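This is what each chain is made of:
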Amino acid sequence: MAALLDRLYPPGGPPRPTVIVVVSAHWEGPSPNVVETLATDHLLYDYHGFPPETYALRYDCPTNPALADSIATTLRATGFVAQVHRGPRGWDHGVFIPLAVMAPTASIPVVQVSLVGGLDAAAHLRLGEALAPLRAAGVLLLASGQSTHNLGALMGRGGGGGEDGAGAILPWASRFQAWLDDTVTGRAGEPPDGKQGGERNPAGDDTAAEIARRRAALVGWAAAPCARIAHPREEHLMPLLVAAGAAGGRRGEKLWGGWAAGHLSLASYVWR
């Protein structure tokens, strides 16, 4: 992750982003169909029981209140109940932890967009579609969630297993990850071909029928193998749907994989 910006914006390639807009799994709209935007100057330590130094972390990035207002206006025009958050909320750890690794100088302005209240899958594809024009304006849309997220399983295993510990990857996690890889990087609805993703797919490579199948698969994610074990609650999957929606349902590229604790996927995808 530390090399992510260099990988996405190599010398001679596209210019680096002027703003990063983050959709984090750790902020939801307060009621169905509600989306909020945020421009702030402090952090929200929305975790418990960690070492004292984790509550002294800083990420003093600039922000862009005008863009937060503009996004809310755009979202209202596309059918969402959208508002700029005016309360004391700061950047949650779904924002400042990945940014501290990938953009440690904190020099790029940041704006946050919440998940859609109610966590409807189709609404998150629509949210991505509404945010899509930002990509042409030099904005990096960062979807911060996780491909598998079952903390109950983590407690049950005592934190062990998987690639960073003793033991194998749990079958349910592997099955859901294989489905997600195939849906995002291949042709949705076809059996996984054993690849781990990562092939670059040109923008015109998908037919309208393939895009429709992919969108239907993402909206119907709960029917995927072991879906409700991988995501007992879907908030950590919804950011990926926002990213897919912003890309128009096209195939993505898998940047990296890997596992923690035998079932927490570290998979990351990009739509160029």
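This text follows the structure it describes.
In this text the structure is predicted, and so the values were computed from the model without any measurement.

*Asks:* In this structure, what is going on with the environment of valine 95? I would like to understand it.
*Replies:* Assignment of secondary structure puts valine 95 in helix H3 (residues 93-102). A residue is classified by how much of its surface remains accessible, and valine 95, at 1% relative accessible area, is buried. In the structure, valine 95 is positioned 17 residues away from glutamine 112 in sequence and 7.9 Å away in space, judged by C-alpha atoms. Other than its neighbours up to four places away in sequence, valine 95 contacts Val22, Ser24, Val110 and Gln112.

*Asks:* When you look at the packing of aromatic side chains in this model, what are you seeing that I'm missing?
*Replies:* Aromatic rings in a pair are described by how distant their centres are and how their planes are angled relative to each other. Enumeration according to the criterion identifies 7 aromatic pairs in this entry. One aromatic cluster in this structure is built from Tyr45, Tyr47, Phe50, Tyr55 and Phe96. Directly above the aromatic system of phenylalanine 80 lies the positively charged group of arginine 126, at a separation of 4.5 Å from the ring centroid.

*Asks:* When you look at the side chain of lysine 254 in this model, what are you seeing that I'm missing?
*Replies:* Structurally, lysine 254 is set in strand E6 (residues 253-256). A distance of 2.9 Å separates a polar atom in the side chain of lysine 254 from a polar atom in the side chain of aspartate 181.

*Asks:* Explanation requested: the nonpolar core in the structure shown.
*Replies:* Across soluble globular proteins, nonpolar side chains show a tendency to be buried alongside one another. With 53 residues, the main nonpolar core has Val21, Ile71, Leu75, Leu127, Leu131 and Phe176 as its most contacted residues. The leading source of residues in this core is helix H9 (residues 238-246), at 7 residues. Apart from residues lying up to four places away in sequence, isoleucine 71 is in contact with Val21, Thr37, Val111, Val113, Leu131 and Leu134. Ranked by size, the runner-up nonpolar core spans 25 residues in total, among them Leu5, Leu43, Val110 and Leu142.

*Asks:* Is there a simple way to think about the pairing of strand E3 (residues 81-84) in this case?
*Replies:* It is a general feature of regular strands that their side chains alternate between the two faces of the sheet. Here E3 shows a buried face lined by Ala82 and Val84 and an unburied face lined by Val81 and Gln83. Bridge analysis of strand E2 (residues 34-38) against E3 gives 4 bridges, and the strand direction is parallel. Bridge assignment links glutamate 36 to a residue of E3, and that residue is glutamine 83. The parallel pair E2 and E3, bridged by helix H2 (residues 65-77), forms a crossover whose chirality is right-handed.

*Asks:* What is the right way to read the pattern of salt bridges from this model?
*Replies:* Opposite charge on two side chains allows them to pair when their charged atoms are near. One pass over the structure, following the stated rule, counts 12 salt bridges. A salt bridge links arginine 58 to aspartate 60, with the nearest nitrogen and oxygen atoms 3.1 Å apart. On the basis of relative accessible area, aspartate 60 is assigned to the partly exposed category, the value being 48%. In this structure, aspartate 181 engages lysine 254 in a salt bridge whose closest nitrogen and oxygen atoms are separated by 2.9 Å. One end of the pair, aspartate 181, is in helix H6 (residues 171-185); the other, lysine 254, is in strand E6, with 73 residues separating them in the sequence.

*Asks:* Any chance you could explain the packing of helix H4 (residues 121-131) against helix H7 (residues 208-219) here in plain terms?
*Replies:* When two helices pack together, their arrangement is captured by the angle between the axes and the distance separating the axes. H7 packs onto H4 with a crossing angle of 130° between their chain directions and a minimal axis gap of 8 Å. The orientation of H4 with respect to H7, classified from their angle, is oblique. In this structure, H4 uses Ala121, Ala122, Leu125 and Glu129 to contact H7, whose residues at the interface are Arg215, Leu218 and Val219. Of the residues contributing to the contact of H4 with H7, the split by class is 5 nonpolar, no polar and 2 charged.

The rules we used
Residues numbered from 1 in each chain as written. Predicted model: local features only at pLDDT ≥ 70, side-chain atom pairs only at ≥ 80, totals over all residues. Heavy atoms only, no water. Helix = DSSP H or I, 4+ residues; strand = E, 2+ residues; numbered from the N terminus. Buried < 20%, exposed > 50% of the residue type's maximum accessible area, 1.4 Å probe, protein only. Contact = heavy atoms within 4.5 Å. Phe/Tyr/Trp six-rings, centres within 6.5 Å; stacked < 30°, edge-to-face > 60°. Lys NZ or Arg CZ within 6 Å of the ring centre and 35° of its normal. Polar contact = N/O pair within 3.5 Å; in protein donor to acceptor, adjacent residues only side chain to side chain. Core = buried A, V, L, I, M, F, W, Y, C linked by side-chain atoms within 4.5 Å. Pairing = 2+ DSSP bridges. Right-handed = clockwise from strand over helix to strand, strands pointing away. Salt bridge = Lys/Arg side-chain N within 4 Å of Asp/Glu carboxyl O. Axes fitted to C-alpha atoms, helices over the stretch in contact; angles between N-to-C directions. Parallel < 35°, antiparallel > 145°, perpendicular 65-115°, else oblique. Nonpolar A, V, L, I, M, F, W, Y, C, P; charged D, E, K, R; others polar.

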